[in-house]
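Single-letter residue listing:
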Amino acid sequence: TQLLEQSPQFLSIQEGENLTVYCNSSSVFSSLQWYRQEPGEGPVLLVTVVTGGEVKKLKRLTFQFGDARKDSSLHITAAQPGDTGLYLCAGAYGSGYALNFGKGTSLLVTP
Amino acid sequence: DVKVTQSSRYLVKRTGEKVFLECVQDMDHENMFWYRQDPGLGLRLIYFSYDVKMKEKGDIPEGYSVSREKKERFSLILESASTNQTSMYLCASRGQGSKYEQFFGPGTRLTVL
């Protein structure tokens, strides 16, 4: 199993602030996904990135895949309380069937 | 939209009981997965299946078995539940050409007393 590290583990911010969450691996990803999970629910897919250097935007969320495809970041602009949740990155390596998940970043946005 | 459903949201069982967790997906996906999620440990893969009657061990298969008799259904079985199997269990499915995007069910919170 490949090790996939997320940072920070916890983040508590005020509404309107910006934040960035990081996901790193020592190995090259075939593709990488970001998920958001709310308490008591399953993770929901936000985005998939495949190409090194790729940037994708989803409203106030910006996802970036590193040029070497070993790291990714999620940036949230002007965070809102509705952004509160657990953010998980998950990477696929080679042609394997399964994903490896990071332990997640727990985000709390207070009004 | 892909829909993955799990048989129970909450389940309480006693040590030594046999426990069945069922997962059904409605998108004709070939691949299905069972994870458990624990605080500080993240999601860990228990078993996955890439076709009917086919199964592969994940990272933590000990104490679990699975069954996939039909394409849409993937069952996780705890032969003799133990307290260390208290956890959130998540089922997921993925189509063959979907670049590894997995779709998750709502989870089953299992407590073993």
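Residues numbered from 1 in each chain as written. Chains lettered and ligands numbered in written order. Predicted model: local features only at pLDDT ≥ 70, side-chain atom pairs only at ≥ 80, totals over all residues. Heavy atoms only, no water.

*Asks:* Hey, could you run me through the overall build of chain A in this one?
*Replies:* Broken down by element type, chain A carries 0 helices and 11 strands. Beginning at the N terminus, the succession of helices and strands in chain A can be written as β-β-β-β-β-β-β-β-β-β-β. By its C-alpha atoms, chain A is 45 × 30 × 20 Å across when sized along the principal axes. When burial is assessed residue by residue, chain A has 43% of its 111 residues classed as buried. Total accessible area on chain A is roughly 5300 Å²; 50% of this is exposed by carbon and sulfur atoms. (Helix = DSSP H or I, 4+ residues; strand = E, 2+ residues; numbered from the N terminus. Buried < 20%, exposed > 50% of the residue type's maximum accessible area, 1.4 Å probe, protein only. Areas by Shrake-Rupley, 256 points an atom, 1.4 Å probe, with all protein chains shown as cover.)

*Asks:* Help me understand the interface of chain A and chain B in this model?
*Replies:* Interfaces are often described in size by the accessible area the parts lose on coming together. Tallying the contact residues gives 24 residues for chain A and 23 residues for chain B. Here chain A and chain B share an interface that buries about 1800 Å² over both sides, 58% of which is from carbon and sulfur atoms. Taken together, the links from chain A to chain B amount to 1 salt bridge. Its salt-bridge partner being E41 of chain A, residue R9 of chain B comes within 3.3 Å of it at the nearest N-O pair. At the junction of chain A and chain B, the tally comes to 7 residue pairs in polar contact (both at pLDDT 80 or more). Broken down by secondary-structure element, the contributors of at least two residues to the side of chain A that touches chain B are β4 (31-37), β5 (44-49) and β9 (85-92) of chain A. (Contact = heavy atoms within 4.5 Å. Buried area = accessible area lost by both parts, 1.4 Å probe. Salt bridge = Lys/Arg side-chain N within 4 Å of Asp/Glu carboxyl O. Polar contact = N/O pair within 3.5 Å; in protein donor to acceptor, adjacent residues only side chain to side chain.)

*Asks:* Honestly, the pairing of strand β1 (residues 4-7) of chain A in this entry has me stumped. Any pointers?
*Replies:* Working note: regular strand, side chains alternate between the two faces of the sheet. All names here are of chain A. A one-sided burial pattern is seen for β1, the buried positions being L4 and Q6 and the unburied ones E5 and S7. Pairing of β1 with strand β3 (residues 19-25), which is carried by 4 bridges, proceeds in the antiparallel orientation. Within β3, the position partnered with Q6 by the bridge is C23. (Pairing = 2+ DSSP bridges.)

*Asks:* What am I meant to see in the state of the cysteines here?
*Replies:* One covalent bond between the sulfur atoms of two cysteine residues makes up a disulfide. Inspection of every chain in the model, using the stated rule, returns 2 disulfides over all chains. Bridging C23 of chain A to C89 of chain A, the disulfide has an S-S length of 2.1 Å. Between C23 of chain A and C89 of chain A, the S-S torsion sits near 80 degrees, and that sign places the bridge as right-handed. Of this pair, C23 of chain A sits in strand β3 while C89 of chain A sits in strand β9, and the two are 66 residues apart along the sequence. Exposure class is identical for C23 of chain A and C89 of chain A. Each is buried. The side chain of C23 of chain B participates in a disulfide bridge whose partner is C91 of chain B; the two sulfur atoms lie 1.9 Å from each other. The sign of the S-S torsion, about -75 degrees, decides the handedness of the disulfide formed by C23 of chain B and C91 of chain B: left-handed. (Disulfide = S-S within 2.5 Å.)

*Asks:* Whenever I open this one, the environment of Q14 of chain A confuses me. Can you help?
*Replies:* Residues and elements named next belong to chain A. Along the chain, the position of Q14 falls in strand β2 (residues 10-14). In sequence terms Q14 and Q80 are 66 residues apart; their C-alpha atoms lie 8.1 Å from each other. Apart from residues lying up to four places away in sequence, Q14 is in contact with V109, T110 and P111. In this structure the side chain of Q14 is engaged in a polar contact, spanning 2.9 Å, whose partner is the side chain of T110.

*Asks:* Honestly, the pattern of salt bridges in this entry has me stumped. Any pointers?
*Replies:* A side chain with one charge may pair with a side chain of the opposite charge, provided their charged atoms come close. This model, assessed by the stated rule, comprises 11 salt bridges over all chains. The network of salt bridges with common partners includes D28, E30 and K71 of chain B.

*Asks:* Help me understand the pairing of β5 of chain A in this model?
*Replies:* Residues and elements named next belong to chain A. The pairing of β4 with β5 spans 5 bridges and is classified as antiparallel. Paired with Q33 across the two strands is T48, which belongs to β5. Here β4 folds back onto β5, and the loop between the two strands holds 6 residues, one of which, G40, carries a positive phi near 75 degrees.

*Asks:* Explain the sheet that holds strand β7 (residues 61-65) of chain A here, please?
*Replies:* Paired through their backbone hydrogen bonds, the strands of a sheet run either parallel or antiparallel. All names here are of chain A. Strand order in the open sheet formed by 5 strands is β1-β3-β8-β7-β6, and the pairing between neighbours is antiparallel. Looking at strand neighbours, the two that pair on one side only are β1 and β6 (55-58), the edges of this open sheet. Sheet twist, expressed as the mean angle between neighbouring strand axes with direction ignored, is 15 degrees. Two strands pair when backbone bridges link them, and β3 and strand β8 (residues 71-76) are joined in this way by 6 bridges, in the antiparallel orientation. Residue pairing for β8: T20 is matched across the bridge by H75. (Axes fitted to C-alpha atoms, helices over the stretch in contact; angles between N-to-C directions.)

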